[in-house]
Amino acid sequence: MKIVVIGGTGLIGSKLVAQLKQHGHEALAASPKSGVNAVTGEGLAAALAGADVVVDVANAPSWEPAAVLEFFTRSSKNLVAAEAAAGVKHHVALSIVGTERSPDIAYFRAKLAQETIIKSSAVPYSIVRATQFFEFLGAIGEMGAIDGKIVVPSAQFQPIAAEDVADRLAEVATGKPLNGTIDIAGPEKAPFNEFIARRLKASGDARPVIGDAKASYYGAPIDDASLNPLGEARLGKIPLATWLASL
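Residues numbered from 1 in each chain as written. Predicted model: local features only at pLDDT ≥ 70, side-chain atom pairs only at ≥ 80, totals over all residues. Heavy atoms only, no water.

*Asks:* Help me out: how do you make sense of the sheet that holds strand S14 (residues 234-235) in this one?
*Replies:* The strands making up a sheet associate through backbone hydrogen bonding, with each pair oriented either parallel or antiparallel. Spatial ordering of the open sheet is given by S2-S1-S3-S4-S5-S9-S14, a layout of seven strands whose pairing is parallel. In this open sheet, the two strands that pair with only one neighbour each are strand S2 (26-30) and S14. The strands touched by helix H1 (residues 11-22) within the sheet are strand S1 (2-6), S2, strand S3 (53-56) and strand S4 (90-96), with S1 carrying the most contacts at an inclination of about 170 degrees. Contacts between helix H6 (residues 162-173) and the sheet are confined to S3, S4, strand S5 (125-130), strand S9 (180-185) and S14, with S4 contributing the most and set at about 155 degrees to the helix. (Pairing = 2+ DSSP bridges. Helix = DSSP H or I, 4+ residues; strand = E, 2+ residues; numbered from the N terminus. Contact = heavy atoms within 4.5 Å. Axes fitted to C-alpha atoms, helices over the stretch in contact; angles between N-to-C directions.)

*Asks:* Can you walk me through helix H3 (residues 65-86) in this structure?
*Replies:* Side chains that are three or four residues apart share a direction in an α-helix, a result of its 3.6 residues per turn. With 22 residues, H3 should reach 32 Å at 1.5 Å per residue; the first-to-last C-alpha distance of 32 Å fits that figure. Among all positions in H3, only Val68, Phe71, Phe72, Thr73, Ser75, Ser76, Leu79, Val80, Ala82 and Glu83 are buried. Residues of H3 that are buried in the fold lie against S1, helix H2 (44-48), S3, S4 and helix H4 (106-120). After H3 finishes, the residue Gly87 shows a positive phi value of roughly 75 degrees. (Expected span 1.5 Å × (residues − 1). Buried < 20%, exposed > 50% of the residue type's maximum accessible area, 1.4 Å probe, protein only.)

*Asks:* Quick question: what am I supposed to make of the nonpolar core here?
*Replies:* Note that soluble globular proteins tend to have their nonpolar side chains buried in a common cluster. Ranked by internal contacts, the top residues of the largest apolar core, which has 44 residues, are Ile6, Leu48, Phe192, Ile196 and Tyr217. Residue assignment for this core shows that the elements contributing at least two residues are S1, H2, H3, H4, helix H5 (137-142), strand S7 (149-152), helix H7 (192-202) and helix H8 (240-245). Each residue touching Tyr217, except ones within four places of it in the same chain, is listed here: Ile105, Phe108, Gln132, Ile140, Pro153, Phe192, Ile222 and Leu227. By size, the runner-up hydrophobic cluster in this structure holds 25 residues, among which are Ala27, Phe133, Ala173 and Ile184. (Core = buried A, V, L, I, M, F, W, Y, C linked by side-chain atoms within 4.5 Å.)

This is the structure:
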C-alpha cells in the first residue's frame, strides 16, 4: 500500500515510516520540510495522489490555546478534503487518551476538535489515542521545577514508549478502518511522580521529586482517571526500565 505519514519526520512519524517500509509498504514522510503543509494545504494533492492510507501524527509548533486549536482544525479539514478528492480509503490519526476528560488543557481541546472533524468526514477512519510518551517525561518533569525540586501530580500515570506507539499505528494503518477509537498505553501504571523520579535518576539528576495531589498538569488539575484508559486498551511491550537502559 501507499501510506502517507503527515508529520513523518517527527518522533513518531519517522519510526512509523521506517516500520512500514520494512513491511514492504510505500511509505511517504510528508511534512513542511518535504513541501507538504497540511495547515496551508500546500503539496497535499500531489502527496496524496494514489495513496491508500493517510496517517496524521503531526504536532503543533505552538501549544498556545488559539494557535494549537487553529493548527489541528485547519490541518484536519484540509486533510479530509484532500483525502476525499484523492480517493484515500483510510485516515488514521494519533490522539491522546483522555481528550474529553480534561477540557481545561488547551492541547486536549484542540485534539478533541481534530477528532470531531475526522468523525464527521466521509473518509473511513481510525483514531488511536495514546498516553504520554516516555520520551517526554523529562520535559514534563521540568514543568514542575521549583526551588531546586520537582513537584508533579501524584495521580496514576501509564506512559508509553514511542516505539510501541509506532508499532500500534502500523498495525492499525495496515488493517481495516475501525470507524472508531482505540486507546493504547504503556505496560505499567504507577503514580505520576514515580515515573518522573525514575527518569530524572537515570539522567543523573539528583533533584527530589515530590508527588502532590494538587499539582497541575499543563495548568489543569488531574486525577487517576484523567490520563489513563478507562476501558479496554492495547498495551505496549516496552517497560520504563528497558527504555531507560537504552538511553
